[in-house]
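# Structural features, examined
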Amino acid sequence: MVLFIEQALNGLQYGMMLFLMAAGLTLVFGVMGLINLAHGSLYTVGAFACAWVAAATGSFFLGLVASLVAAAAAGALVEVVVIRRLYHRDHLDQVLATFALILVFSEGTRWLFGSFPLYLTLPPLLAGAVTLPGGVQYPLFRLAIIGIGAVVALGLFFLINRTRLGIRIRAGEADREMIAALGVDIERLYTIVFALGAALAGLAGALVGTIQSVQVGMGEPVLILAFVVIIIGGIGSIKGALIGALLVGMTDVLGKALLPGLFARVMAGSDAATVGSAVASMLIYILMALVLLVRPQGLYGQRG
Amino acid sequence: MARETLLTLAIMAALLGTVIVAQMMGEGFVITLATKATIFALAGVGLNLALGYGGLVSFGHAAFFGIGGYVTGILASHAGAGTAVATLPFTLMGSNQMLGIWPMAMLAAGAAALLIGALSLRTSGVYFIMVTLAFAQMLSYFAISWPRYGGEDGLSFYVRNSFPGLNTLVPVQYFAICMALLVLALIASSVIVRSRFGLALQAARQNDQRAAAVGIRPYALRLVAFVISAMITGLAGSLYADLNRFVSPAMMSWHMSGEIMVFVILGGVGRLAGPVAGAVVFILLEHLLGGVSEYWKALLGLLLLAIVLFAPGGLIGLALRRDRHV
């Protein structure tokens, strides 16, 4: 039971991190109609910015701020230089151009920082474990990630539903020409949305980089999971991204923790564990396939 | 059209000429490079059928490339050990005959494509891109976590599979096999594109509703095109495994999917010889830029970016000075 609670919390934490990634991706797709493969690169930029600033200043929190700023700046720069020219192109061109951006980003990072992973140390404030009700010991930093995810989710709902910027974003999603005709500077709006998504990805990168390590290519597996999240949740929906991220995070973590054991109960021999872990590694994709069978547009997506 | 046919012939002749000259000068390495380009071109020809003519932007073709490779590797390694691959429902022995391996590789890739396509084609546009990518990634994770055939380390086999009457270990003879298959695939794909099926497929790409109105069912057409496309790419995967005598999950990684897509787009989407031009230029760039800088992929990225932004018809479009005819 203790193991289960621990793993469920891990799943929640993983899901929140995926949400930070998927939120930007789904916003950019919903508002600009752009598929951005380079979103994972912005995640990596955030992680490296955090590691570098934290090492230079000795402050992890300055590092986190740096990850937001650096990823947002990189996002805005990329939007103005490249992405802006892709909005009216078809998805194929967008895929190829952002694939090219990945190559540039990852080789650029390798050139700047080398191939060796960097490690971040937690500040004393966030290090250590807390005892939860029920006697479960859980790392404080992972709890903090869950908290940050929840705050970001609330913040985004507030931003989209209650502020002027949010109204413009939703209007831009509905009808680009009309809101341009109403005098909204659509180009600036797009840059802001892109930078916002990038900042969230950068924050996710910094947080995950702290748990694991910071290295070139760290953004790519996460990017694909974020895709799975928004396929499940429905493209363009923040709510869908949140639900999808939690589903994917929970399924993946719990599947990997529990399936090998479950298989061992019904199957004999040493094969059981390997079959179990092989199936566990495919579980979220099976989940995705099921969602596609029932609702091809995703849980909260709109048709067409 | 006539100019494009000429260009196609010229590109193939250039590739063949390079190998003949390399053979006379005893440059085995150049022949291997040309073989690699030929195999990549074949993979691209497969994808081009779905992507160029069917409008199906599959970001998961590495899955089929990898399946072709794994079928080859698994059959060859069992043949080497003299054991059966499976005993249920019937006994399947390993094989080291290319003529036996190719159909198996193509069948396996086709079967996977039938399943993946049937699900993915329920979606369209950007969903389709992401769904195909995700399924390919699923297979690659499966290959990594399945230790029987090497897992993450991959699977090597020591002798290249054999072809009646030829010594496949001689580079130029293996190149000849790959080249012949590429030519066959190009002929097949030009026949398919001009057939009733191909025309209906292109009609469905250009206007889904209009095609449906004249009695074409886009879903079935696309699924068939997707399966054929995957089978050709699977064949390329089999050849690639034999070229290296090694398969690994990297063959299924999304970088590979991206690269196959790059061959097609670099050359020109929906052009018969587009993938050939694209693959040849890609291998050349890899070789030349690799000599300039350790970080050659960044240069490649910038070049790709320039092509997307400023020459959307790809190299063939540039050569013919016409807009993309898709």
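Criteria and cut-off values
Residues numbered from 1 in each chain as written. Chains lettered and ligands numbered in written order. Predicted model: local features only at pLDDT ≥ 70, side-chain atom pairs only at ≥ 80, totals over all residues. Heavy atoms only, no water. Helix = DSSP H or I, 4+ residues; strand = E, 2+ residues; numbered from the N terminus. Buried < 20%, exposed > 50% of the residue type's maximum accessible area, 1.4 Å probe, protein only. Contact = heavy atoms within 4.5 Å. Patch = residues over 30% accessible without salt bridge, like charges linked within 9 Å, V, L, I, M, F, W, Y side chains within 5 Å. Areas by Shrake-Rupley, 256 points an atom, 1.4 Å probe, with all protein chains shown as cover. Salt bridge = Lys/Arg side-chain N within 4 Å of Asp/Glu carboxyl O. Buried area = accessible area lost by both parts, 1.4 Å probe. Nonpolar A, V, L, I, M, F, W, Y, C, P; charged D, E, K, R; others polar. Phe/Tyr/Trp six-rings, centres within 6.5 Å; stacked < 30°, edge-to-face > 60°. Lys NZ or Arg CZ within 6 Å of the ring centre and 35° of its normal.

Quick look at unusual backbone geometry now. Residues and elements named next belong to chain B. Unlike most non-glycine residues, Arg245 shows phi in positive territory, near 50°. Looking at the element boundaries, Arg245 is found in the loop between α9 (218–244) and β4 (246–247). A relative accessible area of 29% places Arg245 in the partly exposed class.

All names here are of chain A. Mapped onto the fold, Ile238 is located in helix α10 (residues 238–266). Here Ile238 falls in the buried class, since its relative accessible area comes to 9%. Along the sequence, Ile238 and Glu79 sit 159 residues apart, while their C-alpha atoms lie 21 Å from each other. Apart from the residues within four sequence positions on either side, Ile238 is in contact with Phe19, Ala23, Thr26, Leu27, Leu156 and Phe157.

Attention now moves to a nonpolar patch on the surface. Residue and element names in this part refer to chain A. A contiguous nonpolar patch, built from Met1, Leu3, Phe4, Ile5, Leu258 and Leu262 and spanning about 570 Å² of accessible area, is present on the exposed surface. Per-element tally for the nonpolar patch: the top contributor is helix α1 (residues 2–32), with 3 residues. Along the chain, the position of Phe4 falls in helix α1. Judged by relative accessible area, which is 37%, Phe4 ranks as partly exposed.

Time to look at the environment of Ala76(A). All names here are of chain A. When you line up the elements, Ala76 lands in helix α3 (residues 60–81). For the pair Ala76 and Leu196, spaced 120 residues apart in sequence, the C-alpha separation works out to 8.8 Å. Among all residues touching Ala76, those that are not within four sequence positions of it are Thr191 and Ala195.

A few words now on the interface of chain A and chain B. Counting from both sides, the interface comprises 47 residues of chain A and, opposite them, 43 residues of chain B. Counting the surface lost from both chain A and chain B, the interface buries some 4,200 Å², and carbon and sulfur atoms represent 81% of this. The largest per-residue losses of area from chain A upon contact with chain B belong to Leu92(A), Leu96(A) and Phe99(A), which jointly make up 16% of the total buried on that side. Counting across the interface, chain A meets chain B through 0 salt bridges. Tallying contributions element by element places helix α4 (residues 91–113) of chain A first for the side of chain A that touches chain B, with 15 residues. A breakdown of the residues in the side of chain A that touches chain B according to their chemical character gives 33 nonpolar, 7 polar and 7 charged.

Quick look at the packing of aromatic side chains now. Residue and element names in this part refer to chain B. Per the stated rule, a full pass over the model turns up 17 aromatic pairs over all chains. Between Phe40 and Tyr240, the aromatic rings sit 5.2 Å apart at their centres with planes inclined by 35°, giving tilted as the arrangement. Taken together, the positions of Phe40 in helix α2 (residues 28–53) and Tyr240 in helix α9 put the pair 200 residues apart, joining distant regions of the chain. According to the relative accessible area criterion, Tyr240 is buried, its value standing at 14%. When the ring of Phe64 is compared with that of Phe226, the centres are 5.7 Å apart and the planes differ by 85°; the resulting orientation is edge-to-face. Note that Phe64 is positioned in helix α3 (residues 61–81) and Phe226 in helix α9, a separation of 162 residues in sequence. Residue Phe64 shares its accessibility class with Phe226, and that shared class is buried. Taken together, the ring pairs in this structure connect Phe40, Phe65, Tyr240, Phe263 and Phe282 into an aromatic cluster. Its end group placed over the ring of Tyr174, Arg160 keeps NZ or CZ at 4.3 Å from the ring centre.

Remember, this is a structural readout, not a statement about activity or role.
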